[in-house]
Amino acid sequence: MDTKLESTIEVEKPSTRTVEEIYQEMKAKLHDVVPEFELRYKAELVKEILELKAEKNAVILGHNYMEPALFHTIPDFKGDSLELARKAAATDKDIIVFCGVKFMAETAKILNPDKTVLLPSDKAGCSLAESITAEDVRQLKARFPGVPVVTYINTYAEVKAESDICCTSSNAVKVVESLKSDTIIFLPDEYLAKNVARETGKHIIFPVVRNGRMELPADTELDYQIIGWRGRCEVHEKFTVDDVKNARRQFPDVVVLAHPECSPEVVEAADFSGSTTAMVRYVEKSPARRFLLLTECSMGDNIIAANPDKEIVRLCSVRCPHMNQITLEDTLKALQLNQYVIDVPEPIRVRALRAVQRMLEIG
Ligand code: 13P
Ligand code: SF4
């Protein structure tokens, strides 16, 4: 089997392997990133999950931020938000177990109303998804009639339902350009919106809500082209230009990669910016040896496990508290107890589907 962190590789059917065989495979790949005593115990969980997955005709989708012992063992498909949405759209399994966060599982449900979608934790939210409501979007649309609304996939179904089209970190620029509109509403990530504005050469403004009314700041330029929102990713907003400078001082050869949810200043200071999978591919293809990843820390471990010749410097003081909720233990429970079932009310699902499908058609 390919040892690379390939996003769309289907993991070989392992339900016939013994715990010892699974343990030996995990040890070969993960000995540098997971303590050995943990591997023994986790190999038993992996064996149970794989058996139950086959028995229940389930597919497991795993986001790039999953912890290494989970990421490298149980998912049938791994990747960034866009790749996993595509895999969710294409599956013929009865159950989708989403090892990611709630907005991702909801997107899978929006695409698969007749399938059971399970999220292994009921605490796996997202600060961006929490930052905006459907009512906020309705107010923006009332204030800027006729302006197309692009929403980041990191939003809940009711917000997607108010939108014209969704985007992810890997296709945001392409989606904005596809609209061929001078002005767009881009929600809810302030930094992603600023990074998209920079790449597309657009001006950006942030309306403010005062006394329940959507208002424009007094110094607003009349030729604004992106109307943004002040949502932030609680992980990526913490990275600073000083982090980049300090890393370059200590490791002069380091190549710096920043997720586009980082501030534009940080993205500007980095050598590359892209979705989680774009970052993984960059590391795998680059002849450089040492990289600084400005994103969730687990992804660095996952890359090292698949690419032992690479060295990843990562700032692990900030973790995504939502992605970290998803464990092998809870994934096993999800399959055993059929929890936590993701439901999207049909009238909302149908409207949200239009925005998601429109994005998938663009690529
Ligand atoms: P990607 O689509 O790049 O995987 O990003 C998802 C995410 O939540 C990053 O914080
Ligand atoms: Fe949300 Fe940030 Fe966590 Fe991604 S890393 S799920 S954007 S809080």
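The structure presented is a predicted model; accordingly, all values stated were derived computationally and were not measured.

## A closer look at the overall build of the protein
When helices and strands are counted, the protein shows 16 helices and 15 strands. A globule of 363 residues ought to have a C-alpha radius of gyration of about 21 Å, and the protein, at 21 Å, matches this closely. C-alpha atoms of the protein, sized along the principal axes, occupy 65 × 55 × 35 Å. By the burial criterion, 58% of the 363 residues in the protein qualify as buried. If you take every contact in the protein between residues at least 6 apart in sequence, the share linking residues at least 24 apart comes to 66%. Accessible surface computed for the protein: about 15300 Å², of which carbon and sulfur atoms make up 49%.

## Considering the side chain of Asp301
The residue Asp301 is located in helix 14 (residues 298–306) in this model. At 2.2 Å, the side chain of Asp301 forms a polar contact with the side chain of Arg314. Other than its neighbours up to four places away in sequence, Asp301 contacts Val33, Pro68 and Arg314.

## Regarding the site of ligand 1
As a structural note, the neighbourhood of ligand 1 is formed by His63, Tyr65, Asp80, Ser81, Asn154, Ser169, His236, His259, Glu261, Ser275 and Thr276. Within the contact set of ligand 1, an oxygen atom lies 3.3 Å away from a side-chain nitrogen or oxygen of Tyr65. In the environment of ligand 1, an oxygen atom lies 3.3 Å from a nitrogen or oxygen atom belonging to the side chain of Asn154. Burial of ligand 1 by the protein amounts to 96% of the accessible area it has alone, namely 310 Å².

## Remarks on the pattern of salt bridges
Evaluation of the coordinates by the stated rule reveals 26 salt bridges. Here Glu20 makes a salt bridge to Arg40, at a shortest N to O gap of 3.4 Å. Separated by 20 residues along the polypeptide, Glu20 in helix 1 (residues 19–30) and Arg40 in helix 2 (residues 36–55) bring together distant segments of the chain. Exposure remark for Glu20: the relative accessible area of 38% places this residue in the partly exposed category. What makes Arg40 partly exposed here is its relative accessible area of 43%. Here Glu190 makes a salt bridge to Arg230, at a shortest N to O gap of 3.1 Å. Highlighted residues: Glu190 in helix 10 (residues 190–200) and Arg230 in the loop between strand 11 (226–227) and helix 11 (241–250), separated in sequence by 40 residues.

## Concerning the site of ligand 2
Around ligand 2 sit Tyr65, Cys126, Ser127, Leu128, Asn154, Cys233, Val235, Glu261, Cys320, His322 and Met323, and those are all the residues in its vicinity. When the residues that make up the shell around ligand 2 are grouped by side-chain class, the tally is seven nonpolar, three polar and one charged.

## Focus: the sheet that holds strand 7 (residues 184–187)
Pairing within the open sheet is parallel, and its five strands lie in the order 6-5-7-11-8. Each edge of the open sheet carries a strand with a single partner, namely strand 6 (165–167) and strand 8 (204–205). Sheet topology note: the strand 7/strand 11 ladder contains two bridges and is parallel. Of the residues in strand 11, the one forming a bridge with Ile184 is Ile226. The sheet contacts of helix 7 (residues 134–143) involve strand 5 (149–152), strand 7 and strand 11, and relative to strand 7 the element is tilted by about 165°.

## Details of the side chain of Lys115
Mapped onto the secondary structure, Lys115 falls in the loop between helix 5 (102–111) and strand 4 (116–118). One buried charged side chain, Lys115, makes no salt bridge at all; its nearest oppositely charged neighbour is Asp94, positioned 5.7 Å away. When sequence neighbours within four positions are dropped, the list of residues in contact with Lys115 reads Thr91, Asp92, Lys93, Asp94, Ile96 and Lys109.

## Description of the pairing of strand 15 (residues 311–314)
Where strand 14 (residues 290–294) meets strand 15, four bridges bridge the pair, whose relative direction is parallel. Across the sheet, Phe291 pairs through a bridge with Ile312, a residue of strand 15.

## What about unusual backbone geometry?
With an omega of -10°, the peptide bond running from Leu187 to Pro188 counts as cis. Mapping Pro188 onto the fold places it in the loop between strand 7 and helix 10. Between Gln339 and Tyr340 the backbone carries a cis peptide bond, its omega angle lying at -15°. Along the chain, Tyr340 turns up in the loop between helix 15 (328–337) and helix 16 (346–362). Despite not being glycine, Asn57 has its phi angle at roughly 55°, a positive value. Topologically, Asn57 is positioned in the loop between helix 2 and strand 1 (58–63). According to the relative accessible area criterion, Asn57 is partly exposed, its value standing at 28%. Backbone geometry at Asn338 places phi at a positive 55°, although glycine is not the residue there. Note on placement: Asn338 falls in the loop between helix 15 and helix 16. The class of Asn338 is partly exposed, set by a relative accessible area of 36%.

The rules we used
Residues numbered from 1 in each chain as written. Chains lettered and ligands numbered in written order. Predicted model: local features only at pLDDT ≥ 70, side-chain atom pairs only at ≥ 80, totals over all residues. Heavy atoms only, no water. Helix = DSSP H or I, 4+ residues; strand = E, 2+ residues; numbered from the N terminus. Rg over C-alpha atoms; globule rule 2.2 N^0.38 Å. Buried < 20%, exposed > 50% of the residue type's maximum accessible area, 1.4 Å probe, protein only. Contact = heavy atoms within 4.5 Å. Areas by Shrake-Rupley, 256 points an atom, 1.4 Å probe, with all protein chains shown as cover. Polar contact = N/O pair within 3.5 Å; in protein donor to acceptor, adjacent residues only side chain to side chain. Near = heavy atom within 4 Å. Salt bridge = Lys/Arg side-chain N within 4 Å of Asp/Glu carboxyl O. Nonpolar A, V, L, I, M, F, W, Y, C, P; charged D, E, K, R; others polar. Pairing = 2+ DSSP bridges. Axes fitted to C-alpha atoms, helices over the stretch in contact; angles between N-to-C directions. Lys, Arg positive; Asp, Glu negative; His and termini not counted.

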